[in-house]
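Take a look at the letters that make up each chain.
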Amino acid sequence: MSGEEEENAGELKIGDEFLKAKCLMNCEVALILEHKYEQLQQMSEDPMNQVSQVFEKSLQYVKRFRRYKNPDAVRQVREILSRYQLAEFELCVLGNLCPETVEEAIAMVPSIKTKGRAHDDEAIEKMLNDLSLIKKFE
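Keep in mind that what you see is a predicted model, and the values were worked out from it rather than measured. (Residues numbered from 1 in each chain as written. Predicted model: local features only at pLDDT ≥ 70, side-chain atom pairs only at ≥ 80, totals over all residues. Heavy atoms only, no water.)

Q: So what's going on with helix 2 (residues 26–43)? Which residues, and what values?
A: In an α-helix, one turn spans 3.6 residues; hence positions three or four apart end up facing the same way. For helix 2, which comprises 18 residues, the first-to-last C-alpha distance of 26 Å matches the rise-based estimate of 26 Å (1.5 Å per residue) to within 8%. Where helix 2 is concerned, the buried positions are Asn26, Cys27, Glu28, Ala30, Leu33, Tyr37 and Leu40. Considering only its buried residues, helix 2 is in contact with helix 3 (53–65), helix 4 (71–82) and helix 5 (88–97). (Helix = DSSP H or I, 4+ residues; strand = E, 2+ residues; numbered from the N terminus. Expected span 1.5 Å × (residues − 1). Buried < 20%, exposed > 50% of the residue type's maximum accessible area, 1.4 Å probe, protein only. Contact = heavy atoms within 4.5 Å.)

Q: Go over the packing of helix 4 against helix 7 (residues 121–137) with me, naming the residues and quoting the values.
A: Interhelical geometry of helix 4 versus helix 7 gives an angle of 175° and a closest axis separation of 10 Å. On the basis of their axis angle, the class for helix 4 and helix 7 is roughly antiparallel. Where helix 4 approaches helix 7, its residues Ala73, Gln76, Val77, Ile80 and Leu81 are matched on the opposing element by Met127, Asp130, Leu131 and Ile134. For the contact of helix 4 with helix 7, the residue count by class is 7 nonpolar, 1 polar and 1 charged. (Axes fitted to C-alpha atoms, helices over the stretch in contact; angles between N-to-C directions. Parallel < 35°, antiparallel > 145°, perpendicular 65-115°, else oblique. Nonpolar A, V, L, I, M, F, W, Y, C, P; charged D, E, K, R; others polar.)

Q: Could you give an account of the environment of glutamate 100, naming the residues involved and the relevant values?
A: Tracing the sequence through the fold places glutamate 100 in the loop between helix 5 and helix 6 (102–108). Given a relative accessible area of 67%, glutamate 100 falls into the exposed group. Distance in space between the C-alpha atoms of glutamate 100 and asparagine 129 is 8.2 Å, their sequence separation being 29 residues.

Q: Tell me about the nonpolar core, and please be specific about residues and values.
A: In terms of nonpolar packing, the biggest core is built from 28 residues, with Tyr68, Val77, Leu81, Leu86, Leu94, Ile124 and Met127 touching the most fellow members. The set of elements that each furnish at least two residues to this core consists of helix 4, helix 5, helix 6 and helix 7. Top element by residues in this core is helix 7. It accounts for 6 residues. Here valine 77 is in contact with Met25, Tyr68, Gly95, Leu131 and Ile134, once residues within four sequence places are set aside. Counting residues in hydrophobic clusters, the runner-up holds 8 residues, among them Leu33, Leu40, Val51 and Phe55. (Core = buried A, V, L, I, M, F, W, Y, C linked by side-chain atoms within 4.5 Å.)

So this is what it looks like as C-alpha cells:
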C-alpha cells in the first residue's frame, strides 16, 4: 500500500501484507494452544515449569472468547465462511464475533457489502444462519 493511501478496513484498504496474511479465529488458536499445552504436560512431570505466563494468558484469553469449542465445529465454521470468498480478516471477525443479523455483520465488517462483491443481504443471512446452526448443534 502506498504511503499516500490511508488504510480503511471497511473498504478492504488494509495493505497487501495483511490481505495476504493467514488469520486465525480465536477458536482455532485455542485448539492449537491446547494441543501445545498437552504436549508440554506430557514432556514434563511439572507442566507449569514449561509454560510461560504469556502462553498461559494467551490460552486463557482465546478459551474465554472463542465461540466454538468442538474441533469439528471449528473446521465447519472456516469451511462455511470460506465459501463466501471473504478476506481472511473478514472471515475471522465474523467467526469470532458471530453476528446474529445482517445489520450486525455489516456494522462489524462493512467491506462485505462493498461494490463488486457478491454479498447481498440474502447471502449474508444464509451465511449467518449456517453459522448459527453449527453453534446450535455443537
